[in-house]
Amino acid sequence: DYEAQRHWMELTVNVPMGQWYTYDLDWWGLDYPPLTAYVSWACGILSAWLEPDSMALVSSRGYETDTHKVAWQKP
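This text gives an overview of the structure that appears in the document. Here the structure is a predicted model, which means the values were calculated and not measured.

1. Looking at the overall build of the protein
Point 1. Secondary structure summary: the protein contains three helices and zero strands in total.
Point 2. Its C-alpha atoms give the protein a radius of gyration of 11 Å, near enough to 11 Å, the size a compact globule of 75 residues would have.
Point 3. The principal-axis extent of the C-alpha atoms belonging to the protein is close to 30 × 25 × 20 Å.
Point 4. For the protein, buried positions account for 31% of its 75 residues.
Point 5. Within the protein, contacts between residues separated by at least 24 positions form 55% of all contacts whose residues are at least 6 apart in sequence.

Right under this line is the structure:
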């Protein structure tokens, strides 16, 4: 799901690593193994650089633009 993946990127970029698995579990809480969380973090860093609004903690919930979706679509 697009929003879950986007949110996990947002979460790992903005929340201290020690809170990744406990932060706001009601909104797509991070529940993947640590290696996957690091991938979300790396993708979130890139996403924050390309489209900063997409990684704004909490205020980006439901964030969806054509440019952001295109950047992460499979060819």
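2. Comments concerning a nonpolar patch on the surface
Point 1. Residues Leu46, Trp49 and Leu50 make up a contiguous nonpolar surface patch of roughly 370 Å² in combined accessible area.
Point 2. Turning to its location among the elements, Trp49 is positioned in helix 2 (residues 34-50).
Point 3. Among the residues examined, Trp49 registers a relative accessible area of 68% and is labelled exposed.

3. A few points about the environment of Asp53
Point 1. Along the chain, the position of Asp53 falls in the loop between helix 2 and helix 3 (66-72).
Point 2. In this structure the C-alpha to C-alpha distance between Asp53 and Tyr63, which are 10 residues apart in sequence, comes to 8.2 Å.
Point 3. Not counting residues within four places of it along the chain, the set of residues in contact with Asp53 comprises Ser60 and Tyr63.

4. Here's the deal with helix 1 (residues 2-14)
Point 1. A rise of 1.5 Å per residue sets the reference length of helix 1, with its 13 residues, at 18 Å; its end C-alpha atoms lie 18 Å apart and thus fit the reference within 8%.
Point 2. Every buried residue of helix 1 is accounted for by Glu3, Ala4, Arg6, His7, Trp8, Met9, Glu10, Leu11 and Thr12.

5. Quick notes on unusual backbone geometry
Point 1. Phi at Asp24 takes a positive value of approximately 40°, unusual for a residue other than glycine.
Point 2. Positionally, Asp24 belongs in the loop between helix 1 and helix 2.
Point 3. The class of Asp24 is partly exposed, set by a relative accessible area of 27%.
Point 4. Phi is positive for Val58, close to 70°, though the residue is something other than glycine.
Point 5. Relative to the helices and strands, Val58 resides in the loop between helix 2 and helix 3.

6. Some remarks on the packing of aromatic side chains
Point 1. Per the stated rule, a full pass over the model turns up two aromatic pairs.
Point 2. Geometrically, the ring pair formed by Trp20 and Tyr38 is edge-to-face, given 5.7 Å between the ring centres and 65° between the ring planes. One end of the pair, Trp20, is in the loop between helix 1 and helix 2; the other, Tyr38, is in helix 2, with 18 residues separating them in the sequence.
Point 3. Here Trp20 falls in the buried class, since its relative accessible area comes to 5%.

Scoring rules and cut-offs
Residues numbered from 1 in each chain as written. Predicted model: local features only at pLDDT ≥ 70, side-chain atom pairs only at ≥ 80, totals over all residues. Heavy atoms only, no water. Helix = DSSP H or I, 4+ residues; strand = E, 2+ residues; numbered from the N terminus. Rg over C-alpha atoms; globule rule 2.2 N^0.38 Å. Buried < 20%, exposed > 50% of the residue type's maximum accessible area, 1.4 Å probe, protein only. Contact = heavy atoms within 4.5 Å. Patch = residues over 30% accessible without salt bridge, like charges linked within 9 Å, V, L, I, M, F, W, Y side chains within 5 Å. Areas by Shrake-Rupley, 256 points an atom, 1.4 Å probe, with all protein chains shown as cover. Salt bridge = Lys/Arg side-chain N within 4 Å of Asp/Glu carboxyl O. Expected span 1.5 Å × (residues − 1). Phe/Tyr/Trp six-rings, centres within 6.5 Å; stacked < 30°, edge-to-face > 60°.

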